[in-house]
There are 2 protein chains.
Amino acid sequence: MTTAPTTTTTHAVPVAPSTGALRPLGLDEVRITGGLWADRQRVNGTATLDHIEGWLEREGWLANYDLAVSGGLVDGRRGREFSDSEVYKYLEALSWEIGRLRAVADAAGGHDAAGEPGSRAGREGDDEADAAASVDRLEARLRAIVARIAAAQEADGYLNTRFGRPGQEPRWSDLEWGHELYCLGHLFQAAVARVRTRPDADDGLVEVARRAADLVCEVFGEGGDERICGHAEVEVGLAELGRALGEPRYLDQARLFVDRHGRGTLADIEWGRSYYQDDVAVRDAEALRGHSVRANYLAAGATDVAVEFDDLELFTALDRQWHRTRERRTYVTGGQGSHHQDEAFGEDWELPSDRAYSETCAGVASVMFSWRLLLANGDSHYADLIERTLFNVIETSPDADGTAFYYANTLHQRVPGAPADPDVVSPRAHSSLRAPWFDVSCCPPNTARTFASLAAYLATADASGVQLHQYAPSIVRTALEGGREVAFEVGTEYPRSGSIVVRMLEDSPEPWQLSLRVPSWAVGAQLSLRPADGELEQHWSAAPGMVSVERAFAAGDEVVLDLPIAPTFVSPDSRVDAVRGCLVVERGPEVFALESVDLAGTPLEASDFADLRVDASAEPVDAGSGAGVVVRIVDARTDAAADVSLVAYHAWAERGPSTMRVWVPAL
Amino acid sequence: MTTAPTTTTTHAVPVAPSTGALRPLGLDEVRITGGLWADRQRVNGTATLDHIEGWLEREGWLANYDLAVSGGLVDGRRGREFSDSEVYKYLEALSWEIGRLRAVADAAGGHDAAGEPGSRAGREGDDEADAAASVDRLEARLRAIVARIAAAQEADGYLNTRFGRPGQEPRWSDLEWGHELYCLGHLFQAAVARVRTRPDADDGLVEVARRAADLVCEVFGEGGDERICGHAEVEVGLAELGRALGEPRYLDQARLFVDRHGRGTLADIEWGRSYYQDDVAVRDAEALRGHSVRANYLAAGATDVAVEFDDLELFTALDRQWHRTRERRTYVTGGQGSHHQDEAFGEDWELPSDRAYSETCAGVASVMFSWRLLLANGDSHYADLIERTLFNVIETSPDADGTAFYYANTLHQRVPGAPADPDVVSPRAHSSLRAPWFDVSCCPPNTARTFASLAAYLATADASGVQLHQYAPSIVRTALEGGREVAFEVGTEYPRSGSIVVRMLEDSPEPWQLSLRVPSWAVGAQLSLRPADGELEQHWSAAPGMVSVERAFAAGDEVVLDLPIAPTFVSPDSRVDAVRGCLVVERGPEVFALESVDLAGTPLEASDFADLRVDASAEPVDAGSGAGVVVRIVDARTDAAADVSLVAYHAWAERGPSTMRVWVPAL
């Protein structure tokens with residue numbers, strides 16, 4: 001760790017610490033080429049982005065910027081006080097998607113295009129043909145929106161459609177609820193995405209962000225206003241903008257904001273200052289608490305500050321909080337947030353299935369926090385939680401079509417929900433089936449930016465080699481320190497199967513180390529090396545954690561990780577009251593659920609869902625390709641029984657109104 | 001049932017149906033003379049009433065009426081939009097307390113004063129001496145407040161400090177959240193209390209209520225505004241005012257309001273129209289739902305309407321809802337409301353201990369609903385729930401001193417709460433220990449009016465005799481139909497002991513029937529008759545329900561009910577997920593709790609509360625007079641074990657910060 005950032009990175013990553021155990025590989029280095037995540041990225045890059053922009057226009061949240069210019073904002077502004085932030089998250093998603101598509105287009109003319117007929121990259125043909133056209137289309141959209149935003153920015157850099165004009169409340173007059181700095185934090189993250197994917201762009205987004213950041217430093221800098229924003233986000237935004245632009249002032253300002261939490265500068269409220277993490281200094285807290293999105297955004301920004309300022313005490317505190325939160329305040333899905341009322345963490349072990357809030361945005365924010373810790377110290381536990389959260393929270397939010405979303409992600413649906421009208425804004429979090437848009441619509445663009453940048457969370461590098469943290473069909477091309485070129489393809493049906501085949505695409509003149517994560521659930525994993533030159537295969541057993549092979553790899557060499565993926569019952573911690581006596585079925589990183597639609601045609605069709613029990617004496621059975629997991633379900637009242645398919649939790653509620661439970665009482 | 005009320009009652013009761021199975025006995029007929037409820041009434045009538053009036057003045061909620069006269073209301077008004085209602089509930093409490101004290105004073109000069117040295121009434125000496133002075137003091141207070149209110153009433157009868165003046169929002173412009181009709185409903189209940197305890201009073205309260213009620217009928221009557229109030233209460237207030245004043249128009253208006261629920265005249269909101277019971281017609285609903293206080297107030301008013309208009313369909317619907325709500329949406333304490341967010345019922349079986357809202361006011365409202373059903377059809381199940389709610393919700397709210405209150409009544413406190421500052425207003429419901437006053441302070445005056453009128457919920461009469469529903473040391477004097485005088489004293493240590501001795505104070509020339517409730521938990525109860533004349537004692541076994549003895553009782557005859565009161569483990573319904581695998585200890589009507597302060601000095605003192613289990617193989621043991629119940633508690637992590645006293649739930653949190661749980665996981 002150093003005391004200030006010394007380099008700017010040109011790789012397309014959302015997080016680029018100046019120091020740390022691992023360097024993240026960017027969208028220019030990692031491409032997802034198939035499987036569940038490629039499907040999701042395709043839907044996200046088309047249907048979801050179209051959907052979001054449509055609703056931003058329809059709800060007038062984009063037009064607010066035009067009204068700022070025309071003078072009609074005081075009477076005509078629409079949307080909640082934080083609606084600007086959704087525009088910025090959408091810009092961030094657009095920026096990552098443009099970066100992703102350019103990498104696809106580049107690959108079409110590069111190494112992967114031909115000559116490797118056995119490569120799964122061959123499946124990308126259509127995408128590659130369309131990628132360049134899509135880039136142009138999305139570029140035009142992004143530029144049009146940036147122009148509208150830039151026109152609304154005030155002379156001194158201030159930018160917010162809700163505050164500061166005659167007839168509006170004054171700037172910074174409601175830091176508790178006004179979300180001005182929060183919105184700017186998202187603007188900064190959008191600018192980071194832009195500068196890291198198109199450093200040559202002349203659209204002005206980065207300049208808008210820089211001017212706003214300068215104003216923030218001026219107003220809230222040393223000797224200035226000493227308050228914080230009620231919704232953390234500006235910290236993580238400023239820190240990364242500082243890294244991306246090589247501007248230490250922004251990192252200094254991020255540090256100031258982090259350090260000011262816990263001083264009680266915000267008003268006390270019904271739920272206490274813990275709601276916005278203004279109750280206790282970040283370095284003194286024992287666990288994440290309060291609003292679960294705010295808590296994770298703050299922790300992510302604080303991790304950036306700890307890393308950049310070599311603040312080991314702060315880092316240790318954050319790591320302690322992560323572990324306690326993971327153990328005691330996180331659902332089996334990776335979801336966080338036990339309270340609907342204040343969208344907040346509960347106390348330790350307070351994890352009700354039926355009132356799980358598990359906000360989608362908390363999942364996104366949790367990944368941000370975990371990823372930063374992982375880059376700092378390389379511990380595979382963080383990637384374990386990232387994987388769990390990606391599969392069971394973030395992927396649960398959007399439907400297969402990418403145009404309806406869960407805001408909250410319950411683990412127990414007691415009554416069949418009514419389908420949401422695809423043409424109507426839903427109240428926050430209260431749709432029982434996925435809804436197209438929300439009054440508070442933070443989640444759709446938050447998933448969009450995450451999926452568009454997902455490749456940047458798969459792999460890292462260090463001096464010795466490359467680490468693979470998440471498994472998807474993908475191609476990795478990067479240069480290690482000293483200019484050593486590394487290129488390999490990952491072939492896998494994961495998480496349907498546990499076989500992960502890493503096939504080298506080029507000869508490496510010097511040895512390097514390939515490291516693979518063995519998830520915590522994967523007891524009995526095996527690692528194999530299958531040399532291309534006919535040498536004997538080698539096999540090693542691999543315990544959970546990181547497992548490595550070092551070699552001067554040759555093109556065609558294969559490293560194979562076999563993870564024991566099989567459905568299994570998992571018991572809850574005995575201290576979690578809400579699911580005592582229940583079991584959950586997991587298969588690899590996926591959590592499964594009992595959904596009432598799967599009872600149709602069985603003797604349990606007419607059973608009261610509350611009477612159903614899982615027969616723990618009958619092991620869960622994998623139902624085969626594409627299907628779920630089958631367990632024995634018994635009606636405790638009638639003794640009727642049937643073998644019932646469980647559905648992957650992220651795929652539930654796609655077949656009409658239903659009831660559902662993740663934790664099922666054991667017989 | 002008849003189509004309109006034909007008589008006004010002169011008895012001091014909060015509810016006087018014109019027809020029904022049972023006639024309630026009033027404060028002029030029943031006096032509580034000792035035991036837990038007498039202690040509570042004494043504290044309530046002194047410390048609690050003083051406390052409430054002090055805070056009403058301090059917070060400016062009383063001064064709002066003065067500002068209405070002086071013209072300073074627009075700028076100077078203080079308190080939430082419904083603060084007027086707290087003043088009216090306080091007036092209602094004052095009225096009942098005056099009625100109660102007058103009965104005590106009357107008794108001092110009447111039958112009970114002397115000549116019965118063995119009578120527990122002898123203990124009342126001090127009270128009786130003070131009662132007349134206290135009446136004068138409270139009368140003066142009441143009159144002073146009524147004068148301030150009357151001065152603020154507008155010429156056409158409108159009365160609300162928040163709406164309708166120049167600079168304020170117009171009258172009836174926010175029926176969803178404005179609470180204007182809700183406030184008036186409480187005004188009407190206060191007037192009912194006044195006219196039934198001092199029909200001769202000339203203070204003007206009844207006239208103020210009558211003028212306001214006339215305006216409501218004019219504005220919202222047939223052909224007028226067809227909306228309802230977002231917070232039910234005006235229905236039950238209008239119905240009783242109609243009964244008390246013999247004014248059928250008010251009953252007609254109550255019926256209109258009840259029938260208008262479910263038509264969607266109120267705006268749809270985040271939580272749905274079920275929040276204010278505007279989703280489904282009252283007669284079509286299957287269970288209470290939405291905001292639990294609103295739901296019960298509405299159900300109480302709807303029961304009045306069903307009774308007065310002989311609407312059997314409506315009555316049957318309400319009875320169905322009561323049973324389903326009791327079975328599936330009510331905590332073991334009698335508490336109702338599973339959601340903090342919307343203070344609402346959850347779905348069937350959604351009863352989390354740690355997020356139990358169980359609002360004190362919902363308990364009060366539930367008693368109101370149950371009592372009306374009981375008067376209509378005489379079923380003892382209603383009195384069972386009333387008893388459970390009185391002991392474990394309403395009595396739990398105030399502390400022993402009567403000056404700090406629980407708003408919500410959790411069944412599981414995970415972290416020790418910080419003591420509330422006795423000088424500071426607490427945010428709604430979020431004090432972890434009892435607090436003196438709340439921003440939304442509905443609960444303190446709601447308990448006060450309930451305790452002051454509690455004697456009116458103990459007994460009823462019908463053509464054949466008297467029914468005792470709740471047991472406390474008390475004296476009952478009433479006249480049955482045909483003028484037959486009945487007088488008896490109830491001697492009991494209930495609920496510490498299960499022996500209830502009813503001793504006749506006068507000879508009855510004609511036979512009449514004394515009926516006693518055998519609670520649903522009291523399997524193995526026995527009833528005995530001990531004639532004063534030396535006849536042989538008779539004994540009967542008594543199943544849960546009502547048990548009766550008919551006789552031309554002589555002075556000194558005793559009827560003794562022996563209820564098998566002993567601590568016992570109770571298992572939850574298997575469909576309640578939140579407490580699966582747990583047990584609760586009940587003793588008679590009281591629910592017990594494991595409180596961390598009782599671990600001091602045991603081998604479990606340092607245990608993590610989340611690891612504690614109750615050893616179900618060791619029966620709970622009664623610890624003897626005044627003490628709690630002892631169970632065997634084991635630390636599941638360390639195997640340390642100890643015999644630990646459980647505390648009566650209503651008495652928890654009186655010994656400083658603690659953790660607590662009502663349902664304890666079984667070993």
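As shown above, the structure is provided for reference.
Notes on the structure follow. (Residues numbered from 1 in each chain as written. Chains lettered and ligands numbered in written order. Predicted model: local features only at pLDDT ≥ 70, side-chain atom pairs only at ≥ 80, totals over all residues. Heavy atoms only, no water.)

**Regarding the overall build of chain A**
Within chain A one finds 14 helices and 22 strands. On C-alpha atoms alone, chain A measures out to a radius of gyration of 24 Å, which is about the 26 Å that the 2.2 N^0.38 rule sets for 667 residues. For the C-alpha atoms alone, the extent of chain A along its principal axes is close to 70 × 65 × 50 Å. The buried share of chain A, taken over its 667 residues, is 64%. Considering only contacts in chain A between residues 6 or more positions apart, those separated by 24 or more positions represent 69%. Entry remark: accessible area of chain A is about 21,300 Å², with carbon and sulfur atoms responsible for 49%. Averaged over its 62 positive side-chain charges, chain A has a centre that lies 2 Å from the centre of its 105 negative ones. (Helix = DSSP H or I, 4+ residues; strand = E, 2+ residues; numbered from the N terminus. Rg over C-alpha atoms; globule rule 2.2 N^0.38 Å. Buried < 20%, exposed > 50% of the residue type's maximum accessible area, 1.4 Å probe, protein only. Contact = heavy atoms within 4.5 Å. Areas by Shrake-Rupley, 256 points an atom, 1.4 Å probe, with all protein chains shown as cover. Lys, Arg positive; Asp, Glu negative; His and termini not counted. Charge placed at Lys NZ, Arg CZ, Asp CG, Glu CD.)

**So, unusual backbone geometry**
Residues and elements named next belong to chain A. At the junction of Tyr494 and Pro495, the peptide bond is cis and its omega measures out at 5° in the coordinates. Note that Pro495 resides in the loop between strand 7 (485-492) and strand 8 (499-504). Backbone geometry places Asp639, a non-glycine residue, at a positive phi of 70°. Position of Asp639 relative to the elements: it lies in the loop between strand 19 (629-635) and strand 20 (641-648).

**What about the relation of the copies chain A and chain B?**
Rotating chain A by 180° about the axis while translating it 0.0 Å along that axis superimposes it on chain B, leaving an RMSD of 0.0 Å. Taken together, the rotation and translation describe the operation of a two-fold axis. Among all C-alpha atoms of chain A, that of A:Gln341 lies closest to the rotation axis, at 2.0 Å. Both copies present the same face, since 97% of the interface residues in chain A are matched by interface residues at the equivalent positions in chain B. (Least-squares fit on C-alpha atoms with pLDDT ≥ 70 in both.)

**Quick notes on the pattern of salt bridges**
Between side chains of opposite charge, pairing is possible as soon as their charged atoms come close. All names here are of chain A. Scanning all chains against the criterion turns up 125 salt bridges over all chains. One salt bridge connects Glu240 with Arg196, and the closest N-O pair in it is separated by 2.8 Å. Of the two residues, Glu240 sits in helix 8 (residues 234-245) while Arg196 sits in helix 6 (residues 180-197), which places them 44 residues apart along the sequence. Each of Arg324, Glu327, Arg328, Arg329, Glu347, Asp348, Asp573 and Arg575 takes part in salt bridges that share partners, so that together they form one network. (Salt bridge = Lys/Arg side-chain N within 4 Å of Asp/Glu carboxyl O.)

**Description of the interface of chain A and chain B**
Tallying the contact residues gives 31 residues for chain A and 31 residues for chain B. Across the chain A/chain B interface, buried area totals approximately 2,800 Å², and carbon plus sulfur atoms make up 44% of it. Of all residues in chain A, A:Gln341, A:Arg414 and A:Arg580 bury the most surface against chain B, accounting for 22% of the area lost on that side. Across the chain A-chain B interface, the total number found is five salt bridges. (Buried area = accessible area lost by both parts, 1.4 Å probe.)

**Details of helix 4 (residues 83-108) of chain A**
Across its 26 residues, helix 4 of chain A extends 38 Å between first and last C-alpha, which sits within 8% of the 38 Å expected from 1.5 Å per residue. Within helix 4 of chain A, 22 of the 26 residues are buried, which leaves the element mostly enclosed by the surrounding structure. (Expected span 1.5 Å × (residues − 1).)

**A look at the pairing of strand 5 (residues 465-468) of chain A**
All names here are of chain A. One ladder, built from four bridges, connects strand 4 (residues 459-462) with strand 5; its direction is antiparallel. If you follow Ala461 over to strand 5, its bridge partner there is Val466. Linking strand 4 to strand 5, which pair antiparallel, is a turn of two residues. As paired strands, strand 5 and strand 9 (residues 512-518) are joined by four bridges and run parallel to one another. From the neighbouring strand, Gln467 faces strand 9, where its bridge partner is Ser515. (Pairing = 2+ DSSP bridges.)

**Here we look at the sheet that holds strand 11 (residues 538-542) of chain B**
Residues and elements named next belong to chain B. With antiparallel pairing, seven strands are arranged side by side in an open sheet as 2-6-7-8-13-10-11. Sheet topology places strand 2 (30-32) and strand 11 at the edges, where each strand pairs with a single neighbour. When strand polarity is set aside, the average angle formed by the axes of neighbouring strands in this sheet is 15°. Here strand 7 (residues 485-492) pairs with strand 8 (residues 499-504) via five bridges, running antiparallel. Each residue of the ladder has a partner; that of Glu489, found in strand 8, is Arg503. (Axes fitted to C-alpha atoms, helices over the stretch in contact; angles between N-to-C directions.)

**Considering the environment of B:Trp437**
All names here are of chain B. Tracing the sequence through the fold places Trp437 in the loop between strand 3 (412-413) and helix 14 (443-452). A relative accessible area of 0% means that Trp437 is categorised as buried. Linking Trp437 and Tyr407, residues 30 residues apart in sequence, is a C-alpha distance of 9.3 Å.

**A look at the state of the cysteines**
Overall, the coordinates contain zero disulfides over all chains when judged by the stated rule. Free of any disulfide, B:Cys217 has its nearest cysteine sulfur in B:Cys229, 15 Å distant. (Disulfide = S-S within 2.5 Å.)

**Quick word on the pairing of strand 13 (residues 558-562) of chain A**
The two faces of a sheet get side chains in turn, since along a regular strand they alternate between them. Residues and elements named next belong to chain A. In terms of burial, strand 13 is a largely internal element, four of the five residues being buried. With five bridges connecting them, strand 8 and strand 13 associate as antiparallel partners. Looking across to strand 13, one finds that Ile500 is bridged to Leu561. Pairing between strand 10 (residues 525-530) and strand 13: five bridges, direction antiparallel. Paired with Arg530 across the strands is Glu558, a residue of strand 13.

**Description of the packing of helix 7 (residues 205-220) of chain B against helix 9 (residues 248-260) of chain B**
Residue and element names in this part refer to chain B. Following both chains from N to C, one finds helix 7 and helix 9 inclined at 50°, their axes separated by 10 Å at the closest point. With respect to helix 9, the axis of helix 7 lies oblique. When the axes of helix 7 and helix 9 are compared, the crossing they make is left-handed. Packed against helix 7, whose contacting residues are Arg210, Ala213, Asp214, Val216, Cys217 and Phe220, the element helix 9 presents Arg249, Tyr250, Gln253, Leu256, Phe257 and Arg260 at the interface. Among the residues forming the contact of helix 7 with helix 9, the class breakdown is seven nonpolar, one polar and four charged. (Parallel < 35°, antiparallel > 145°, perpendicular 65-115°, else oblique. Left-handed = near helix turned anticlockwise from the far one by under 90°. Nonpolar A, V, L, I, M, F, W, Y, C, P; charged D, E, K, R; others polar.)

**Some words on the side chain of A:Arg434**
Residues and elements named next belong to chain A. Within the secondary structure, Arg434 is located in the loop between strand 3 (412-413) and helix 14 (443-452). Of the side chains bearing the opposite charge, Glu654 lies closest to the buried Arg434, which forms no salt bridge; the N-O distance is 4.1 Å. Polar side-chain contacts of Arg434 include one of 3.5 Å to the backbone oxygen of His650. Within polar-contact distance, the side chain of Arg434 engages the backbone oxygen of Trp652 at 2.9 Å. (Polar contact = N/O pair within 3.5 Å; in protein donor to acceptor, adjacent residues only side chain to side chain.)

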